[in-house]
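# Structure assessment
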Amino acid sequence: MSDHCEEQEMEAEALAAIFDTAFEIVSSSQPFEWSVKLVPVDCGGDEEEEDKQNHVAIKLLAKIPLDYPEESLPELDVEVIKGLAEEQKKEILDLANEESEANAGM
């Protein structure tokens, strides 16, 4: 197993610990793909309550290159689950990419 692979797996474990049920490993083989469902009010995985409490929701998708984090950034995308227009989706994606670039190599 490469150092990158091991580091990526450790990062996935950390994200799972932070985001709990909102974090999903979409692809568990390299190149990895992860997603995080983001809502204003976290209802602890209670989908029905979460739907009542939140008027907006997105899923942040990340495709992890083989040489991440040393040489490449993740390829990010945003999937609107509900309540946001295309312009807002683009703004969120731009912010996520800016944050990714600001934390390159960390």
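Everything quoted here is computed from the prediction, not taken from an experiment. (Residues numbered from 1 in each chain as written. Predicted model: local features only at pLDDT ≥ 70, side-chain atom pairs only at ≥ 80, totals over all residues. Heavy atoms only, no water.)

### Concerning the layout of surface pockets
Its boundaries defined by the atoms lining it, the largest pocket holds a volume of some 530 Å³. For the largest pocket, the lining is made up of 23 residues, of which Glu 11, Leu 15, Tyr 68, Pro 74 and Leu 76 are closest to its centre. Grouping the constituent residues of the lining of the largest pocket by class yields 16 nonpolar, five polar and two charged. Computed from the structure, the second largest pocket encloses a volume of approximately 300 Å³. Forming the walls of the second largest pocket are 17 residues, and the residues nearest its centre are Thr 21, Ala 22, Lys 37, Asp 42 and Glu 50. (1 Å grid on protein atoms, 1.4 Å probe; cavity = no way out; pocket = protein on both sides within 12 Å on 5 of 7 lines; lining within 4 Å. Points joined across faces, edges and corners; volume = space filled by probe spheres on them. Nonpolar A, V, L, I, M, F, W, Y, C, P; charged D, E, K, R; others polar.)

### Topic: the pattern of salt bridges
Scanning the model with the defined rule gives six salt bridges in all. Glu 50 is the partner of Lys 37 in a salt bridge, and the nearest nitrogen-oxygen pair spans 2.8 Å. Note that Lys 37 is positioned in strand E2 (residues 33-38) and Glu 50 in helix H2 (residues 47-53), a separation of 13 residues in sequence. Looking at Glu 50, the relative accessible area reads 8%, which means it is buried. Among the ionic pairs, Asp 94 bridges to Lys 90, the shortest N-O distance being 2.8 Å. Of this pair, Asp 94 and Lys 90 both sit in helix H3 (residues 86-102), four residues apart, which is roughly one turn of the helix. (Salt bridge = Lys/Arg side-chain N within 4 Å of Asp/Glu carboxyl O. Helix = DSSP H or I, 4+ residues; strand = E, 2+ residues; numbered from the N terminus. Buried < 20%, exposed > 50% of the residue type's maximum accessible area, 1.4 Å probe, protein only.)

### Details of a nonpolar patch on the surface
Nonpolar side chains collect at one region of the surface, where Ile 18, Phe 19 and Leu 38 lie side by side and expose about 260 Å² of accessible area between them. Examined against the element boundaries, Phe 19 turns out to sit in helix H1 (residues 3-19). Look at Phe 19 and you get partly exposed, because its relative accessible area is 32%. (Patch = residues over 30% accessible without salt bridge, like charges linked within 9 Å, V, L, I, M, F, W, Y side chains within 5 Å. Areas by Shrake-Rupley, 256 points an atom, 1.4 Å probe, with all protein chains shown as cover.)

### Quick look at H3
One turn of an α-helix holds 3.6 residues; hence residues three or four places apart share an orientation. Spanning 17 residues, H3 covers 24 Å between terminal C-alpha atoms, matching the ideal 24 Å at 1.5 Å per step. The set of residues buried in H3 consists of Leu 93, Ala 96 and Ser 100. For H3, the angular spread of buried residues about the axis comes to 60°, placing them on one side. Seen from the open side of H3, the exposed residues pointing more than 90 degrees away from its buried face are Glu 87, Lys 90, Glu 99, Glu 101 and Ala 102. Next to the buried residues of H3 lie strand E3 (57-63) and strand E4 (75-82). (Expected span 1.5 Å × (residues − 1). Arc of directions from axis to C-beta. Contact = heavy atoms within 4.5 Å.)

### Here we look at the nonpolar core
Ranked by internal contacts, the top residues of the largest apolar core, which has 15 residues, are Phe 23, Phe 32, Trp 34, Ile 64 and Leu 76. Of all the secondary structure elements, the ones that give two or more residues to this core are H1, E2, E3, E4 and H3. Examining the composition of this core, we find that three residues originate from one element, H1, more than from any other. Contacts of Phe 23, omitting those with residues within four sequence positions, involve Ala 12, Leu 15, Ala 16, Trp 34, Ser 35 and Val 36. (Core = buried A, V, L, I, M, F, W, Y, C linked by side-chain atoms within 4.5 Å.)

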